[in-house]
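# Notes for the structure review
Below, each chain spelled out in residue letters.
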Amino acid sequence: MDFPTHFDVIVIGGGHAGCEAALASARIGAKTLLLTHNIETIGQMSCNPAIGGIGKSHLVKEIDALGGAMAAVTDLGGIQFRVLNSRKGPAVRATRAQTDRALYKAAMREVIENQLNLTLFQQAADDLIMDGDQVAGVITNMGVRFNSTSVVLTAGTFLGGVIHVGLNNHEGGRAGDPTSTALARRLRQMPFRVDRLKTGTPPRIDSRSVDFSVMSEQPGDTPVPVMSFLGSTKYHPQQVSCFITHTSEKTHNIIRQGLDRSPMYTGVIEGQGPRYCPSIEDKITRFADKDSHQVFVEPEGLTTNELYPNGISTSLPFDVQLELVRTIKGFEKAHITRPGYAIEYDFFDPRDLHHSLETNCIPGLYFAGQINGTTGYEEAAAQGLLAGTNAALRALDKDQWYPRRDQAYLGVLVDDLITRGTKEPYRMFTSRAEYRLLLREDNADLRLTEIGRTLGLVNDRRWRAFSEKRESIELELQRLKETWVGSESKLGMAVGSVLGKPLSKESTLADLLKRPEMNYSALQSVDENSTAQGQIAEQVEIHLKYAGYIDRQKEEIDRLKRYENIELPDSLDFRQIKGLSNEVKQKLSDSRPQTLGHASRLSGITPAAISILMVYLKKRRNLAG
Amino acid sequence: MTILSADSDTIIAQATPPGRGGVGILRLSGPRSLEFAQAVVRFTKSKSSKVTSTQEMTSDVKPQLKPRFAHFAQFFDKKNDLIDEGIVLYFPGPNSFTGEDVVELQGHGGPVVLDFLIQQFLDLGARIARPGEFSERAFLNDKLDLIQAEAIADLIDSSSTQAARSAVRSLSGEFSNQINQLLESLITLRLYIEAAIDFPEEEIDFLADSKVTKGLDEIVLRITSVLQTANQGALLQEGMRVVIAGRPNAGKSSLLNCLAGENRAIVTALAGTTRDVLREKINIDGMPLHIIDTAGLRTSPDEIEQEGIKRAWQEIELADQILLVVDASGDNIGKNVSMDNVQALWQEMVFSDKIWADKILKKIILIRNKIDLLKESPTEIENTDLTVICLSAKNNKGIDILRNHLKKIMGFKNLGQGQFSARRRHTDAIERALKFVKAGEEQLLNAGAGELLAEDLKQAQNCLSEITGEFTSDDLLGRIFSSFCIGK
């Protein structure tokens with residue numbers, strides 16, 4: 001049957017990408033359907049119970065700045081908050097929250113169920129409805145036809161998923177869910193490049209069988225950090241600790257003896273796993289000289305006894321898993337509640353996407369999340385937000401939008417995927433961002449909220465709070481730049497005592513704050529007019545202290561921006577351009593970059609090639625009159 | 001749609017061919033051209049190179065450059081020492097070659113002086129122009145017509161290729177060894193720092209470690225030593241490269257000795273005497289020229305000779321000009337020889353498997369040696385696609401004809417990117433890298449700011465990448481993952 005309502009956007013999948021995609025689309029005002037095979041698993045954290053961390057918290061705060069749900073939901077579900085890299089400087093600081101799975105899922109479900117313009121339906125998607133070369137809706141496995149203008153596919157690891165425990169394997173999605181083979185088969189018939197990736201999880205352990213007294217305790221930070229710009233510790237549930245223990249030489253011996261039954265080392269698994277999250281069998285093989293590895297013992301929630309031993313992901317047979325776990329300090333009597341496993345799944349080569357996450361070959365069809373070769377809830381959610389936004393903009397007949405590399409980690413993520421593709425599950429790191437000093441988690445709102453407001457993603461409440469914050473920062477900066485302090489004045493003497501030496505000349509407060517020995521809270525101790533608090537004091541201080549570096553990066557961006565704005569028309573035949581080498585012509589024809597900036601970032605494209613392209617475009621333009 | 005516009009950087013390059021010409025012209029283009037010129041140029045009545053105290057006092061006053069007017073001026077460095085004197089011309093945009101503000105400095109063409117002058121502008125904030133960039137800007141600013149657009153694409157392409165070749169050549173083995181070692185220590189240090197930043201929960205916090213300061217000191221030392229090497233110029237070469245090639249016993253080494261004016265190469269009647277590559281730097285009327293003698297090309301069972309032949313081929317690939325020497329008496333090659341004949345000869349007699357690429361063929365001058373045996377007189381013949389010079393190296397007959405021909409080529413040939421500017425690019429990149437490393441060290445010592453040190457080191461590596469090629473963040477992550485066991 002044809003479902004009687006026509007939707008603007010249908011989102012397939014209720015994971016982290018699907019949730020943010022559906023929410024973003026609905027916020028913009030598009031009539032949105034979230035189609036999931038199981039409403040109970042909306043917002044499910046199928047791997048480790050944590051949100052944020054290096055590079056990832058940057059994405060979470062960007063989602064938040066664009067009105068998304070992940071940060072706020074994390075504040076409701078987080079049972080331990082820490083700021084990593086707190087001493088290495090604001091740009092690389094990252095908030096990480098240990099999260100109660102049940103609380104997180106419930107909070108996300110509540111947000112979804114209460115979102116205006118958003119409808120839920122439980123049914124597996126089996127096929128796409130096509131109208132010529134464009135997508136026109138989705139057919140469920142019961143044969144219900146949902147018609148729509150855009151479709152966002154966020155199928156995670158469900159496409160062609162195969163789960164491995166030892167040499168046994170079976171078809172399946174994550175955490176006991178079924179796989180979507182019908183849809184996978186259908187998509188494999190379409191002109192997408194498909195490849196396999198692999199990821200894994202550790203066995204889960206019953207906390208009642210664990211001796212925590214021999215492990216080192218890792219409490220959360222005080223004061224307790226928050227994830228959302230609008231967040232507050234009053235939303236947090238009870239806070240708990242994590243624990244750290246280590247593997248031993250004994251553990252490693254057991255693993256070595258079990259390798260002949262490992263699907264990884266016997267060639268059963270062909271997909272590529274992530275280098276930064278190797279299985280324990282990988283670790284001891286590749287770093288044979290290390291006699292011990294860290295294991296982070298993370299609680300899965302307040303109302304469950306299950307623990308997540310982060311660091312011993314494995315696909316060895318169950319008997320080996322049990323034996324190796326019990327050689328770890330504190331785990332001598334451990335009971336495994338769920339065995340660890342590896343999962344292989346299909347992903348689509350992200351080089352077949354536009355920056356908007358629309359597929360190149362099927363207009364109206366967007367891909368987001370793990371099917372694009374990424375890993376992590378945060379990476380998935382960020383893509384979901386972008387795909388949902390663009391799917392809605394398309395349905396409402398508006399221009400597509402995506403952030404540049406210098407605007408957001410989301411911009412880095414999408415551009416990396418689209419220009420370079422990926423060979424392993426792609427994870428965000430701060431070193432991937434060339435403008436790391438600008439893309440901080442503390443200023444995600446200053447970078448993106450205004451854009452989000454224009455796109456229709458940001459509601460009045462957030463916009464008001466943001467506008468007030470921005471104005472306070474500007475006022476305080478202005479005051480600091482305009483307040484002169486004489487070396488003989490009372491304030492000047494007080495500042496001198498903070499600095500450890502008297503002021504040599506009259507200076508502004510702004511100049512004084514730039515000095516390494518000075519910071520805003522020290523200034524507050526001597527100047528009663530320096531009253532800014534929290535996020536505002538933080539922004540003012542960073543702004544002044546980093547001014548030189550930030551200006552340099554901004555100059556560089558301005559220089560590169562002109563390439564970003566030069567579009568390469570679809571009709572351009574790179575093979576006809578004289579002066580380009582055959583290799584360059586081939587690369588450009590294969591990748592079909594959308595802008596000159598995009599072209600310049602492809603590997604093997606030289607500055608000379610870009611110059612020749614510029615000259616060619618200009619000539620073409622002049623000829624066209 | 002966005003307007004296609006030129007870069008807003010102010011660029012500089014030598015507009016005259018490199019070498020010891022009579023006049024050397026530097027061209028600046030971009031919004032800050034006038035400002036930069038005003039910082040370097042002074043007007044003085046006296047031609048004395050001494051700076052009088054009045055001039056020092058007025059040195060704050062900017063010289064007023066009249067548009068399109070040839071001023072006689074003196075050029076000073078930032079310490080107020082005189083560098084050179086000559087003509088300065090100012091063309092305000094859009095009425096200039098590029099359509100931007102352009103300043104031309106015409107001085108005495110010595111490469112050292114010009115190079116020093118370029119350095120002044122780089123210090124002020126100019127950037128060395130990319131190959132073909134002046135023409136590119138002119139076109140983008142509508143100063144050239146459409147027909148010229150094709151030519152510009154060709155110019156950018158060919159001069160980039162040439163610049164790349166110059167760069168490879170100017171990197172002698174020792175220099176590139178040093179650069180690679182420098183790069184390696186920089187990458188190793190970045191590895192530790194970036195790993196500490198991206199993986200704070202692993203047991204690898206190196207920022208607190210003395211390893212980092214030690215590493216920084218080591219890098220500063222290495223950079224300083226590379227710069228010294230480069231500035232001494234001992235390992236870098238300039239001038240057109242002329243390679244003498246041919247079959248064994250055609251008289252290549254005799255020709256080298258004639259051109260060099262001394263007995264540099266061992267000459268015997270035995271084929272295959274020259275095993276290694278011999279280089280000789282000569283001047284023709286003040287223009288520098290490298291003559292390179294190579295082993296005779298043939299298939300040889302002798303291992304040493306094989307290696308010599310391999311090196312000969314490498315030289316041929318890098319050459320600006322190839323003197324292909326044939327034995328006029330023995331090889332039976334007449335005066336009306338064509339390029340097809342030459343090619344056939346080579347494929348038949350020398351290396352049946354080695355096909356001469358077009359770009360190599362274009363560089364060939366055919367030398368018909370040993371004409372004394374045929375009782376011919378020395379002469380130069382311009383056939384349709386090939387210049388033939390008939391001479392006798394043994395009797396030193398016809399060498400002046402060859403010299404004149406080479407001089408003619410040097411005068412006409414647009415060598416655009418000379419060795420000197422290739423070297424200037426390198427030293428400029430290394431100097432910028434050094435500045436970043438020092439700034440980063442300061443951040444670490446004064447503010448303990450790991451992320452700023454990381455930023456400066458990344459910029460330093462970007463500078464070196466201009467010499468050594470791209471190193472992406474993914475390359476860096478790859479190195480981290482293979483060096484440290486990361487895995488939370």
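Definitions and limits used
- Residues numbered from 1 in each chain as written.
- Chains lettered and ligands numbered in written order.
- Predicted model: local features only at pLDDT ≥ 70, side-chain atom pairs only at ≥ 80, totals over all residues.
- Heavy atoms only, no water.
- Pairing = 2+ DSSP bridges.
- Helix = DSSP H or I, 4+ residues; strand = E, 2+ residues; numbered from the N terminus.
- Contact = heavy atoms within 4.5 Å.
- Axes fitted to C-alpha atoms, helices over the stretch in contact; angles between N-to-C directions.
- Buried < 20%, exposed > 50% of the residue type's maximum accessible area, 1.4 Å probe, protein only.
- Salt bridge = Lys/Arg side-chain N within 4 Å of Asp/Glu carboxyl O.
- Buried area = accessible area lost by both parts, 1.4 Å probe.
- Phe/Tyr/Trp six-rings, centres within 6.5 Å; stacked < 30°, edge-to-face > 60°.
- Lys NZ or Arg CZ within 6 Å of the ring centre and 35° of its normal.
- Domains from an automatic or database assignment.
- Polar contact = N/O pair within 3.5 Å; in protein donor to acceptor, adjacent residues only side chain to side chain.
- Nonpolar A, V, L, I, M, F, W, Y, C, P; charged D, E, K, R; others polar.
- Expected span 1.5 Å × (residues − 1).
- 1 Å grid on protein atoms, 1.4 Å probe; cavity = no way out; pocket = protein on both sides within 12 Å on 5 of 7 lines; lining within 4 Å.
- Points joined across faces, edges and corners; volume = space filled by probe spheres on them.
- Arc of directions from axis to C-beta.
- Core = buried A, V, L, I, M, F, W, Y, C linked by side-chain atoms within 4.5 Å.

What follows is about the sheet that holds strand E5 (residues 82-91) of chain B. Residue and element names in this part refer to chain B. Taken in spatial order, the 7 strands make up an open sheet running E3-E4-E5-E6-E2-E1-E7, and their pairing is mixed. Looking at which strands have only one partner, the edges of the open sheet turn out to be strand E3 (41-42) and strand E7 (127-128). Summarising the sheet, strand E2 (residues 23-29) and strand E6 (residues 102-108) pair through 7 bridges and their orientation is antiparallel. For Ile-25, the partnering residue across the bridge sits in E6 and is Gln-106. Lying over the sheet, helix H4 (residues 133-140) contacts strand E1 (11-14), E2 and E7, oriented at roughly 130° with respect to E1.

Here we take up the environment of Val-243 of chain B. All names here are of chain B. Inspection of the secondary structure assignment puts Val-243 in strand E8 (residues 240-246). On the basis of relative accessible area, Val-243 is assigned to the buried category, the value being 0%. When the C-alpha atoms of Val-243 and Ile-364 are compared, they prove to be 9.6 Å apart, with 121 residues separating the residues in sequence. With sequence-adjacent residues up to four places away left out, Val-243 is seen in contact with Ile-292, Thr-294, Glu-315, Ile-316, Ala-319, Gln-321, Ile-322 and Leu-323.

Attention now moves to the pattern of salt bridges. Residue and element names in this part refer to chain A. Taken as a whole and judged by the stated rule, the model has 62 salt bridges over all chains. Of the charged contacts in the structure, one is a salt bridge between Glu-300 and Arg-101, with a shortest N-O distance of 2.4 Å. On the criterion of sequence distance, the pair formed by Glu-300 in the loop between strand E16 (294-299) and strand E17 (306-310) and Arg-101 in helix H4 (residues 101-113) is long-range, its members being 199 residues apart. Residue classification places Arg-101 among the buried residues on the basis of a relative accessible area of 14%.

Now for the interface of chain A and chain B. Reports of interface size often rely on the accessible area that becomes lost once the parts have come together. Each partner contributes residues to the interface: chain A has 62 residues there, and chain B has 61 residues. Of the roughly 5400 Å² buried between chain A and chain B on both sides combined, carbon and sulfur atoms contribute 54%. When residues of chain A are sorted by the area they lose upon contact with chain B, Lys-88, Tyr-549 and Lys-618 of chain A head the list and together hold 13% of the total. Along the contact surface separating chain A from chain B lie 6 salt bridges.

For the rest of this paragraph, the subject is the packing of aromatic side chains. We describe a pair of aromatic rings using the distance from one ring centre to the other and the angle between the two ring planes. By the definition in use, this model includes 15 aromatic pairs over all chains. Summarising the aromatic geometry, the rings of Trp-463 of chain A and Phe-466 of chain A are spaced 5.6 Å apart at their centres and angled 35° between planes, so their arrangement reads as tilted. In this pair, Trp-463 of chain A and Phe-466 of chain A both sit in helix H12 (residues 460-482), 3 residues apart, roughly one turn of the helix. One aromatic cluster is present, built from ring pairs that chain together Phe-3, Phe-7, Phe-121 and Phe-146 of chain A. Over the aromatic face of Phe-229 of chain A sits the side chain of Lys-61 of chain A, whose NZ or CZ is 5.8 Å from the ring centroid. Positioned above the aromatic ring of Phe-76 of chain B is the side chain of Arg-42 of chain B, whose terminal nitrogen or guanidinium carbon lies 4.6 Å from the ring centre.

A word on the sheet that holds strand E3 (residues 50-52) of chain A. Residue and element names in this part refer to chain A. Pairing is antiparallel across the open sheet formed by 3 strands, whose spatial order is E3-E5-E4. With one partner strand each, in any of the chains shown, E3 and strand E4 (78-84) form the two edges of the open sheet. For this sheet, the mean inter-axis angle between neighbouring strands, taken without regard to orientation, is 20°. Relative to strand E5 (residues 94-99), E4 runs antiparallel, the two sharing 6 bridges. Note that in E5 the partner of Gln-80 across the bridge is Gln-98. Contacts from helix H2 (residues 56-65) reach E3 and E5, with the element oriented near 85° to E5.

Residues and elements named next belong to chain B. When cut into domains, chain B gives domain 1 (11-145), domain 2 (156-235 + 423-469) and domain 3 (240-409). Tallying the contact residues gives 10 residues for domain 1 and 8 residues for domain 2. Together domain 1 and domain 2 conceal approximately 790 Å² of surface at their shared face, both sides included; 49% is due to carbon and sulfur atoms. For the pair domain 1 and domain 2, the interface holds 0 salt bridges. Across the contact surface, domain 1 and domain 2 share 0 residue pairs in polar contact (both at pLDDT 80 or more). In terms of residues, the side of domain 1 that touches domain 2 owes the most to one element, helix H3 (residues 111-124), which gives 4 residues. For the side of domain 1 that touches domain 2, the residue count by class is 5 nonpolar, 2 polar and 3 charged.

Another point: the side chain of Arg-204 of chain A. Secondary-structure assignment places Arg-204 of chain A in strand E13 (residues 204-206). In contact with Arg-204 of chain A, other than residues within four places in its own chain, are Ser-46, Cys-47, Arg-101, Glu-300, Glu-306, Leu-307, Tyr-308, Pro-309, His-335, Ile-336, Thr-337 and Arg-338 of chain A.

Residue and element names in this part refer to chain B. Taking 1.5 Å of rise per residue, 19 residues should cover 27 Å, and helix H14 (residues 450-468) covers 26 Å from first to last C-alpha, within 8% of that figure. Within H14, 16 of the 19 residues are buried, which leaves the element mostly enclosed by the surrounding structure. Among the residues trailing H14, Gly-469 stands out with phi positive, at a value near 105°.

Let us now look at empty space enclosed by the protein. Residue and element names in this part refer to chain A. A complete count under the given rule lists 4 cavities of 30 Å³ or more for this structure. Taken as a whole, the second largest cavity encloses approximately 70 Å³ of empty space. Looking at the lining of the second largest cavity, the elements that each hand over two or more residues are strand E12 (194-201) and strand E19 (341-348). A total of 3 residues in the lining of the second largest cavity trace back to one element, the largest contributor, which is E12.

Let us look at helix H8 (residues 318-325) of chain A. Where H8 of chain A is concerned, the buried positions are Val-320, Gln-321, Leu-324 and Val-325 of chain A. In an axial view of H8 of chain A, the angular spread of the buried residues amounts to 125°, which keeps them on one side of the axis.

All names here are of chain A. Counting buried positions along E19 gives 8 out of 8 residues, so the element sits mostly inside the fold. Of the two faces of E19, both are covered, the one formed by Tyr-341, Ile-343, Tyr-345 and Phe-347 as well as the one formed by Ala-342, Glu-344, Asp-346 and Phe-348. Where strand E10 (residues 162-165) lies against E19, 3 bridges are found, and the strand directions are antiparallel. Among the inter-strand pairings, Ile-163 is bridged to a residue of E19, identified as Ile-343. As defined by bridge partners, E12 adjoins E19 across 8 bridges and the pair is classed as antiparallel. Across the sheet, residue Gly-200 finds its bridge partner in E19, namely Ala-342.

Turning our attention to the nonpolar core. Grouped together as the largest cluster of nonpolar side chains are 94 residues, with contacts concentrated most on Ile-10, Met-108, Leu-128, Val-152 and Leu-187 of chain A. Per-element accounting of this core gives the leading share, 11 residues, to helix H9 (residues 377-395) of chain A. Once residues within four sequence positions are removed from consideration, Met-108 of chain A is found in contact with Cys-19, Glu-20, Leu-23, Ile-42, Gly-43, Ala-69, Met-70 and Val-73 of chain A. Ranked by size, the runner-up nonpolar core spans 31 residues in total, among them Phe-175, Ile-223, Phe-436 and Ala-460 of chain B.

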